[in-house]
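Observations on chain architecture
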Amino acid sequence: MDRFRFTLLAVCLVLLYLGQADLRLFFANTQPLEIPITELDPSQPPQEWMEITGGVLDLAEAISTSGTLEVDALLVPLVADPQQSSFHILVETHDQAMVDTFTTYYFNLDTYKEQQEFREQNQDKFLIERPVVGMMQGSLVASSNQERLRELAEAGGLNLEGEVLFLSEGKEPPRIRGFVFLALGLLGLWKFATMTKKSKGASTPS
């Protein structure tokens, strides 16, 4: 019985920790912060949820995050100038139009000439000028994922220098999960306190 109670307590504490972390993230990011790419310092992003404007997604330098022929997501450099040779902002995106263009260019064309012709005919699909709204996080899980993405990018031949900001396009702060975690954690603590009181009552000699 004691083992179950302390397991319950440990679970409750984890839920409370996750809940407060989610709520902190939510209240610090109620709206995406609009910021021009030229004003964004990758080493000191102003908040986790951002709308980066004035940038260009360089699809020609993108790499697949799956490493297989089944492309689901891409890691695409976001640059202020298409001529720059090193990258500091990488966007993980599931944009289907970009995935389709990437798949056609790299997997469906047999010769270099066909690739060049395809690229010349679809220049607007390789240099995409549009705002990017996405989320970056500073949790241990997110940090581990960023390290994995950095290794993947470097293995794919991308020239990364200094701090690199990884943005997951379309991702938003959790809106309800934090409240649910907190409620479950507090309910569990109440259950733990009730069980502890009963245990002490049962062990008290009459």
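All of the points below concern the structure found in this document.

**A few points about the pairing of strand E2 (residues 49–53)**
E2 sits mainly inside the fold: four of its five residues count as buried. With four bridges joining them, strand E1 (residues 33–36) and E2 adopt parallel strand pairing. In the strand pairing of E2, Ile 35 is matched with Ile 52. Relative to strand E8 (residues 132–135), E2 runs antiparallel, the two being bridged by four bridges.

**A closer look at a nonpolar patch on the surface**
Together, Val 14, Tyr 17 and Leu 18 line one region of the surface with nonpolar side chains, adding up to about 300 Å² of accessible area. Considering the arrangement of structural elements, one finds Leu 18 in helix H1 (residues 2–28).

**Let's talk about helix H2 (residues 96–108)**
Those residues of H2 that sit buried are Met 98, Val 99, Thr 101, Phe 102 and Tyr 105. All buried residues of H2 fall inside an arc of 165° around its axis, so they share one side. Along H2, the residues that are exposed and aim more than 90 degrees away from the buried face are Gln 96 and Ala 97.

**Digging into the nonpolar core**
Ranked by size, the top nonpolar core spans 27 residues in total, and within it Met 50, Ile 52, Leu 57, Leu 74 and Leu 78 carry the most contacts. At four residues, the largest contribution of residues to this core is made by H2. In this view, Leu 74 contacts Leu 59, Ile 63, Ser 64, Thr 65, Val 91, Glu 92, Thr 93, Met 98, Val 99 and Phe 102; residues no more than four positions away in its chain are not counted. Residues Leu 75, Val 79, Ala 153 and Val 164 belong to the second largest nonpolar core, which totals twelve residues.

**Looking at the pairing of strand E6 (residues 87–93)**
The buried fraction of E6 is high, at six of seven residues. Pairing geometry for strand E5 (residues 74–79) and E6, over four bridges, is antiparallel. Across the sheet, the residue bridging to Pro 77 is Leu 90, located in E6. Bridge count for E6 against strand E9 (residues 160–169) is five bridges, and the pairing is parallel. Each residue of the ladder has a partner; that of Val 91, found in E9, is Leu 167.

**Remarks on the packing of aromatic side chains**
One pass over the structure, following the stated rule, counts nine aromatic pairs. Arranged with centres 4.7 Å apart and planes meeting at 45°, the rings of Phe 102 and Tyr 106 form a pair that is tilted. Here Phe 102 and its partner Tyr 106 are both found in helix H2, four residues apart, which amounts to about one turn of the helix. Overall, Phe 102 belongs to the buried group, its relative accessible area being 6%. Tyr 106 gets classed as partly exposed once you look at its relative accessible area, which sits at 33%. Within the aromatic cluster, the residues linked to one another by ring pairs are Phe 102, Tyr 105, Tyr 106, Phe 107, Phe 118 and Phe 126. Geometry around Phe 126 places Arg 119 over its ring, the cationic atom sitting 5.7 Å from the centre.

**Observations regarding the pattern of salt bridges**
Applying the stated criterion across every chain, the model contains six salt bridges. A salt bridge links Arg 24 to Glu 48, with the nearest nitrogen and oxygen atoms 3.5 Å apart. Of this pair, Arg 24 sits in helix H1 while Glu 48 sits in the loop between E1 and E2, and the two are 24 residues apart along the sequence. The closest approach of N and O atoms between Arg 175 and Glu 172, which form a salt bridge, is 3.5 Å. Arg 175 gets classed as partly exposed once you look at its relative accessible area, which sits at 42%.

Conventions we followed
- Residues numbered from 1 in each chain as written.
- Predicted model: local features only at pLDDT ≥ 70, side-chain atom pairs only at ≥ 80, totals over all residues.
- Heavy atoms only, no water.
- Buried < 20%, exposed > 50% of the residue type's maximum accessible area, 1.4 Å probe, protein only.
- Helix = DSSP H or I, 4+ residues; strand = E, 2+ residues; numbered from the N terminus.
- Pairing = 2+ DSSP bridges.
- Patch = residues over 30% accessible without salt bridge, like charges linked within 9 Å, V, L, I, M, F, W, Y side chains within 5 Å.
- Areas by Shrake-Rupley, 256 points an atom, 1.4 Å probe, with all protein chains shown as cover.
- Salt bridge = Lys/Arg side-chain N within 4 Å of Asp/Glu carboxyl O.
- Arc of directions from axis to C-beta.
- Core = buried A, V, L, I, M, F, W, Y, C linked by side-chain atoms within 4.5 Å.
- Contact = heavy atoms within 4.5 Å.
- Phe/Tyr/Trp six-rings, centres within 6.5 Å; stacked < 30°, edge-to-face > 60°.
- Lys NZ or Arg CZ within 6 Å of the ring centre and 35° of its normal.

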